[in-house]
Amino acid sequence: MTSLFALIAAAGTYATALMFGTLGETLTEKSGNMNLGVEGIMYMGGIFGLIAANRYEAIVGEAASSGFVAIVLAILGAFASGAVAGLLFSFITVTLRANQNVTGLAMTTFGTGVAKFAGEHMRNTLGGYVSVSNHLKASFSLKIMPEFLQKIPFIGKIIFGQPHFFYIGIVVAILMHLFLTKTKMGLYLRAVGESPVTADAAGINITRYRYLATIIGGGISAIGGMVYTMTTAGCVWIEGSIAGVGWLAVALVIFCTWKPLNAIWGSMLFGSLMIMYLWIVVPFFPTELYKILPYVVTIIVLIIASMRNNKEKQPPANLGLNYFREDR
């Protein structure tokens, strides 16, 4: 049991990146847009968040740099890059009405390519690897909860021993849940994803809601890439470090049945599955099988949910389908 609790506690940094990626894609899919480009968006968030912090420190100097300012700039840089990617996806699928699946896969290639180009350009410009000082690295991995809470047996490290981004992610999940369930705009957004024909007849602007949800959702997902780079990857740009995380976030949306609050515990579970091979060693059990466990779990949950035919656990009815007003 001690090893199990230690595994879950250690999964927090992985879980945080997944949480943001999942929340962003959940918001996007609630509008009926299915953006499979989360992988590329998280790549962009990772490099542009790091560049924002790196350039800030280079301008003001290491001694005068503030961890709080660096964090804010990294968040803004990542969010802006994801928002631009979401805007591009929306323009292609909502305005030009291109196939969403094909566009999402193209966005993955595009985002990954942009991130690797930007990372290589920065590496050549700086004459070495792209990173920040140890002072700022400590700020990004700071644990804000009191020490005595972290010492609570078993659950202390899990609940109170996580970096501050983890708690920001929880706040975002709660706010998104309240927005989708308690506000008129959230109800309109869900209506757009379920039945755009009905929503349009009721006077809801389908284009506006799909654009906004996809742009903001892309920004939130990109923050997940920034969190991964600035915590798990140690504030150093490493090509391929985020590989697979975006696809896990897409799978986690299905696992969490498109509910923001489920992303909290779902990301912790997936984070634990991602690093299980480091903590639980079974002889003659290949590491590669450990790494596909999150996808296997998602498939099992999807099959069970389909067999139960529970409407609350199904995706938005119009997910992945473009809306043609003239077909009303």
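Residues numbered from 1 in each chain as written. Predicted model: local features only at pLDDT ≥ 70, side-chain atom pairs only at ≥ 80, totals over all residues. Heavy atoms only, no water.

Caption draft 1: Structural context of helix α10 (residues 184-194). Of the residues making up α10, those classed as buried are Gly186, Leu189, Val192 and Gly193. Across the axial projection of α10, the buried residues extend over an arc of 120 degrees, all falling on one side. Buried residues belonging to α10 abut α2 (12-30), α9 (164-182), α11 (196-201) and α12 (206-232). Sitting at the head of α10, threonine 183 places a side-chain oxygen 3.0 Å from the backbone nitrogen of glycine 186. (Buried < 20%, exposed > 50% of the residue type's maximum accessible area, 1.4 Å probe, protein only. Helix = DSSP H or I, 4+ residues; strand = E, 2+ residues; numbered from the N terminus. Arc of directions from axis to C-beta. Contact = heavy atoms within 4.5 Å. Polar contact = N/O pair within 3.5 Å; in protein donor to acceptor, adjacent residues only side chain to side chain.)

Caption draft 2: How the structure looks around the packing of aromatic side chains. All chains considered together, the criterion is met by seven aromatic pairs. When the centroid spacing of 6.2 Å and the interplanar angle of 75 degrees are considered together, the rings of tyrosine 43 and tryptophan 237 count as edge-to-face. In this pair, tyrosine 43 is assigned in helix α3 (residues 38-60) and tryptophan 237 in the loop between α12 and α13 (245-255), connecting sequence segments 194 residues apart. For tyrosine 43, a relative accessible area of 3% translates into the label buried. On the basis of relative accessibility, which here comes to 1%, the residue tryptophan 237 falls in the buried class. Ring pairs connect the aromatic residues Phe255, Trp265 and Phe270, which therefore count as one cluster. (Phe/Tyr/Trp six-rings, centres within 6.5 Å; stacked < 30°, edge-to-face > 60°.)

Caption draft 3: Spatial organisation of the pattern of salt bridges. One pass over the structure, following the stated rule, counts two salt bridges. Residues glutamate 120 and arginine 123 are paired through a salt bridge, measuring 3.3 Å at the closest nitrogen-oxygen approach. Of this pair, glutamate 120 and arginine 123 both sit in helix α5 (residues 100-126), separated by three residues, roughly a single helical turn. Under the relative-accessibility criterion, glutamate 120 is labelled partly exposed at 33%. Overall, arginine 123 belongs to the partly exposed group, its relative accessible area being 24%. Two residues, arginine 123 and glutamate 239, come together in a salt bridge whose shortest N-O distance is 3.8 Å. One end of the pair, arginine 123, is in helix α5; the other, glutamate 239, is in the loop between α12 and α13, with 116 residues separating them in the sequence. Look at the salt bridges and you will find they share partners, linking Glu120, Arg123 and Glu239 into a network. (Salt bridge = Lys/Arg side-chain N within 4 Å of Asp/Glu carboxyl O.)

Caption draft 4: How the structure looks around helix α14 (residues 262-279). A rise of 1.5 Å per residue sets the reference length of α14, with its 18 residues, at 26 Å; its end C-alpha atoms lie 25 Å apart and thus fit the reference within 8%. In α14, a bend of some 35 degrees at leucine 273 exceeds every other bend along the element. For α14, the buried fraction is high: 13 of the 18 residues fall into the buried class. (Expected span 1.5 Å × (residues − 1). Bend = angle between axes of the 7 residues up to and from the residue.)

Caption draft 5: Structural detail: unusual backbone geometry. Of note, arginine 97 is a non-glycine position whose phi angle comes to about 65 degrees, a positive value. Here arginine 97 shows up in the loop between α4 (67-95) and α5. According to the relative accessible area criterion, arginine 97 is partly exposed, its value standing at 33%. Positive phi values are uncommon outside glycine, yet tryptophan 258 reaches one of about 60 degrees. By secondary structure assignment, the location of tryptophan 258 is in the loop between α13 and α14.

Caption draft 6: The arrangement of the packing of α4 against α12 in detail. Running from N to C, α4 and α12 cross one another at 140 degrees; their axes reach a closest spacing of 6 Å. Crossing geometry of α4 relative to α12 is assigned as right-handed. Looking at the contact of α4 with α12, its residues break down into 16 nonpolar, nine polar and one charged. (Axes fitted to C-alpha atoms, helices over the stretch in contact; angles between N-to-C directions. Left-handed = near helix turned anticlockwise from the far one by under 90°. Nonpolar A, V, L, I, M, F, W, Y, C, P; charged D, E, K, R; others polar.)

Caption draft 7: The nonpolar core, seen in detail. Phe140, Met226 and Trp237 are the most contacted members of the largest nonpolar core, which totals 73 residues. Top contributing element to this core by residue count: α12, with nine residues. Among residues more than four places away in sequence, those in contact with phenylalanine 140 are Ala53, Ala70, Ile71, Ala74, His164, Phe165, Met226, Met230, Thr231 and Cys235. The next biggest cluster of nonpolar side chains, apart from the first, holds six residues, and it includes Ile41, Phe89, Met107 and Ala222. (Core = buried A, V, L, I, M, F, W, Y, C linked by side-chain atoms within 4.5 Å.)

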